[in-house]
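Fold and contact review
Each chain, letter by letter, is given below.
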Amino acid sequence: MPTRPSPQSLRDISMEVISVNYELISYGCRKRSQMNSLLDSDGEEFKRVEGPFRDMPTSILEDLIKIMHEKRGLPKQCLHQLLLPQLQEYKIYGKTSKHIQTQLIEKNCSNLENLAFTFCKSIQPLFFIKFFLKFPNLKILNLEGTIIDDQSFESIGQCCQLLRYLNVRGSTLSDKGLGHLINTTQDPRVPNLMSINLEGTKTSSESIAWFLKSHPKILTLSIENMSGLFNRLKDITEPKSKNNIYQLRELRFSEGMVESESLEFAAEVCPFVQDVIMRQTDLSEGLLNNLWHFTCLKSLHLGNSSFSQHSLHFQDGIVPVLLNLPGLEALTLEKINKVDVVVLGNLCPNLKYLKLSCIGSYLAVISSETGFENLRELILLNTRGAHVFTKIIFYLISGAKQLQHLRFQLVDTLNDEVWNEMLLLNPLSCLQTIILDQCHSISVFTLNAFLTSMNKLTDLCVWSCRFIMEDDYFNIFNMIRLENYNLHFNWYPFTGEEAPMPIEDIDDFEEDESEEEESEEEEGDELPEFMNYWNNIPLPGSRIQREMQNFNLD
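Residues numbered from 1 in each chain as written. Predicted model: local features only at pLDDT ≥ 70, side-chain atom pairs only at ≥ 80, totals over all residues. Heavy atoms only, no water.

On to the sheet that holds strand β6 (residues 220-222). By way of backbone hydrogen bonds, the strands of a sheet pair with one another, either parallel or antiparallel. Pairing is parallel in the open sheet, where 6 strands are placed in the order β1-β2-β3-β4-β5-β6. Of all strands in the sheet, those with a lone pairing partner are β1 (89-91) and β6, marking the two edges. When the angles between neighbouring strand axes are averaged without regard to direction, this sheet yields 0°. Sheet analysis places β1 next to strand β2 (residues 114-116), joined by 3 bridges and oriented parallel. Among the inter-strand pairings, lysine 91 is bridged to a residue of β2, identified as alanine 116. (Pairing = 2+ DSSP bridges. Helix = DSSP H or I, 4+ residues; strand = E, 2+ residues; numbered from the N terminus. Axes fitted to C-alpha atoms, helices over the stretch in contact; angles between N-to-C directions.)

This is how it looks when you write it as structure tokens:
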């Protein structure tokens, strides 16, 4: 039986606690005094002030830099104290002096492993040539949207031998610059490179083919359309050579013609591909038959062009492909007609992600069976206005007990009665996020059902649904607050619009969002209030609406 401590022992413990607290308070006061003198210093005196961050680990320094940028915009006094030798990750910020940032990291931070220069268009191209020679430990380099000289890649190839990830998307890189990363000898110039993004650059299929041939171990090569790449790679590859195998895990063919011969050659030399994307192109049965050879395929994205969407049907073009891909875990179909979700469920029992976008028509579900037992995420974007039968929704959801993410757009058969029956069959106990976009048949009763169900819901988004009024928004918001739910509720009022953006732009919206934020930060100019339209709907007759009418978009 434990003994009770004596009063003397309690007094000793109390004095020890008080002593420790006193030391912590004294330490905090000293550090606060140092920071106050640092920020209040004039001229060049701040360079002689010893900051409190010398012994801090890189993770804390990185967090401090981000917080300081958000709160105070990273003044030069802070840069001199935070850009220390132990720093391993840094991003050049737009609202801070780039001259001071680059000067300090070049002088102090030779151990950097992750460096980002995203959308820095004010830095002269010749600057990068000597700059990259200072960072031999770089593993991740992001130069997206920069004006970079081709000669700078000679420095990267010469010094950055540990580089694993390179992003030059939207930069001024040309064939000459990419050629500096290609070694004429048998060994690759950047031997550890695993991923490179060349989208939106001035590089040609010729130079990319030679680059891939010299770096066969690359896992991810991002370009808009690989059809021309594999055509050229086929021409420069020696027949029956043992070096014809590439380690690529993802192939992308979009926004252009895809030749059947190039896809067939890609299947021959890239046996480890797990993800194939073919969208905004003319799909045909002969072209899709080449997908049978990708035996390791886990993810497939098929999107027809707007002009040929009626020439390929689900039964004739898609079903034969899915018959040979039983291990598929992610599937996206765009602009396909006569989709049969029952056949889809039987052919792909292991699907965890399913997206049906801009489908021309659906076949009715007659049987009462359920499918998609392993489904984790379901997205149904019905921008073309196809009739989505109620039984289709039941078949997609009722058996998916592990469903975590749901998104519906323009599905009018989703009413309160359907949701009530659905929750009785499948309570969606694992649901985390749900987005209802222009689903005009639901009311606040459906939202209450989601809130009161036993689930893991953290995000509830209701966008432009006709019968979810402002009063409903405040009622739901107050209910979340009073019940102390850990839930974010996002609501836009009904505006009568059909869709917030063209269907072709939906997939690229999230990727372009970060680029827009960076470019706004670089310019430093605030957009007019009405330009943020979908986050702040202007009321009829309001000042914002009048500004919209008078604003010159040119």
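Past the structure itself, the notes keep going.
Following both chains from N to C, one finds helix α15 (residues 416-425) and helix α16 (residues 444-452) inclined at 20°, their axes separated by 9 Å at the closest point. As the angle between them shows, α15 and α16 are arranged roughly parallel. Crossing of α15 over α16 shows left-handed handedness. Between α15, through Asp416, Trp419 and Leu423, and α16, the contact on the second element is made entirely by Phe445, Thr446, Ala449 and Phe450. Across the contact of α15 with α16, the residue classes break down as 5 nonpolar, 1 polar and 1 charged. (Parallel < 35°, antiparallel > 145°, perpendicular 65-115°, else oblique. Left-handed = near helix turned anticlockwise from the far one by under 90°. Contact = heavy atoms within 4.5 Å. Nonpolar A, V, L, I, M, F, W, Y, C, P; charged D, E, K, R; others polar.)

This next bit is on the side chain of serine 443. Locating serine 443 in the fold gives a position in the loop between β14 (433-437) and α16. According to the relative accessible area criterion, serine 443 is buried, its value standing at 14%. Dropping the residues within four chain positions of it, serine 443 is found in contact with Asp416 and Ile468. (Buried < 20%, exposed > 50% of the residue type's maximum accessible area, 1.4 Å probe, protein only.)

With that out of the way, let us pick up the pattern of salt bridges. Scanning all chains against the criterion turns up 6 salt bridges. Note that arginine 189 is salt-bridged to glutamate 154, the shortest N-O span being 3.1 Å. One end of the pair, arginine 189, is in the loop between α7 (175-179) and β5 (195-197); the other, glutamate 154, is in helix α6 (residues 152-159), and 35 residues separate them in sequence. Of the residues examined, arginine 189 reaches a relative accessible area of 18% and is grouped as buried. Take glutamate 154: its relative accessible area is 23%, and that puts it in the partly exposed class. Through salt bridges with shared partners, one network takes in Glu144, Arg169 and Glu199. (Salt bridge = Lys/Arg side-chain N within 4 Å of Asp/Glu carboxyl O.)

The biggest cluster of nonpolar side chains holds 142 residues, and the ones touching the most others in it are Tyr90, Phe230, Leu300, Phe408 and Trp419. Top contributing element to this core by residue count: helix α14 (residues 390-397), with 6 residues. Excluding its chain neighbours within four sequence positions, the residues that come into contact with leucine 300 are Val276, Leu291, Val321, Leu322, Leu325, Leu328, Ala330, Leu331 and Thr332. (Core = buried A, V, L, I, M, F, W, Y, C linked by side-chain atoms within 4.5 Å.)

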